[in-house]
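Descriptive analysis of the structure
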Amino acid sequence: MNDPRLDRLRGLIRDVPDFPKPGILFKDITPLLADAAAFADAIELLAERVRPLEPDLIAGPEARGFLFGAPLALKLGVGFAPIRKSGKLPWRTIEESYQLEYGEDTVAAHEDAFAGRSRVLIADDLLATGGTVAASSRLVRKGGGTVVGAAFLVELDFLAGRERLGDLAVTSLLNYA
């Protein structure tokens, strides 16, 4: 049975053609974020779906992972760990690099962010190619945590990012073919 809240969320995501470059149809979530009830519904729906994974920490990649990860952590009553770009954290860090279409990027976390955390869930706004989440998963493991899953508002199925995440439990509220 389709939850009517999902239809409402889908209706608040704006398509922006040719952004950031020609041929790309960008899924703009800012209208959803601006609607307090819809944003609350998105967090509630994500919490309902990931609660069985029993995470003890939510990790969110910069920057939109912060928007979904932090309120999801509060909803589940667990902590939140930011995953940032290299050089943005003030203390000792661990890092993980990954390939982009043209070049390389690096994600980082404090070296103690995942220490003693046995069940980490990665939350982000959108699953596209899966590169950021795959690197974030490796980073969590490098820091001593176990990744129990990943949660997204939107998944772009045609980019097959889920395949790049192997057997990781993936939860997405809205899928686009």
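Before going into details, it helps to say that this report is about the structure given with it. Please read these numbers as outputs of a predicted model, since none were measured by experiment.

Rules used throughout
Residues numbered from 1 in each chain as written. Predicted model: local features only at pLDDT ≥ 70, side-chain atom pairs only at ≥ 80, totals over all residues. Heavy atoms only, no water. Core = buried A, V, L, I, M, F, W, Y, C linked by side-chain atoms within 4.5 Å. Buried < 20%, exposed > 50% of the residue type's maximum accessible area, 1.4 Å probe, protein only. Helix = DSSP H or I, 4+ residues; strand = E, 2+ residues; numbered from the N terminus. Contact = heavy atoms within 4.5 Å. Expected span 1.5 Å × (residues − 1).

Here we take up the nonpolar core. One broad rule of soluble globular proteins: the nonpolar side chains tend to lie buried together. Membership of the largest hydrophobic core comes to 29 residues, with the highest contact counts inside it found for Leu9, Leu72, Leu153 and Leu173. Counting only elements with at least two residues in this core, the list comes to helix H1 (4–11), helix H3 (36–50), helix H4 (64–76), strand E7 (120–127), strand E8 (147–156) and strand E9 (170–176). Per-element accounting of this core gives the leading share, 7 residues, to H3. Excluding its chain neighbours within four sequence positions, the residues that come into contact with Leu173 are Leu6, Leu9, Ala42, Leu45, Leu46, Arg49, Phe152 and Leu153. Counting residues in hydrophobic clusters, the runner-up holds 24 residues, among them Ala134, Leu139, Ala150 and Leu168.

Helix length check: helix H5 (residues 131–142), at 12 residues, gives a terminal C-alpha distance of 16 Å against a target of 16 Å (1.5 Å per residue), a fit within 8%. Where H5 terminates, the next one or two residues include Gly144, which has phi positive at roughly 100 degrees.

Limitation: the analysis is restricted to geometry and does not speak to function.
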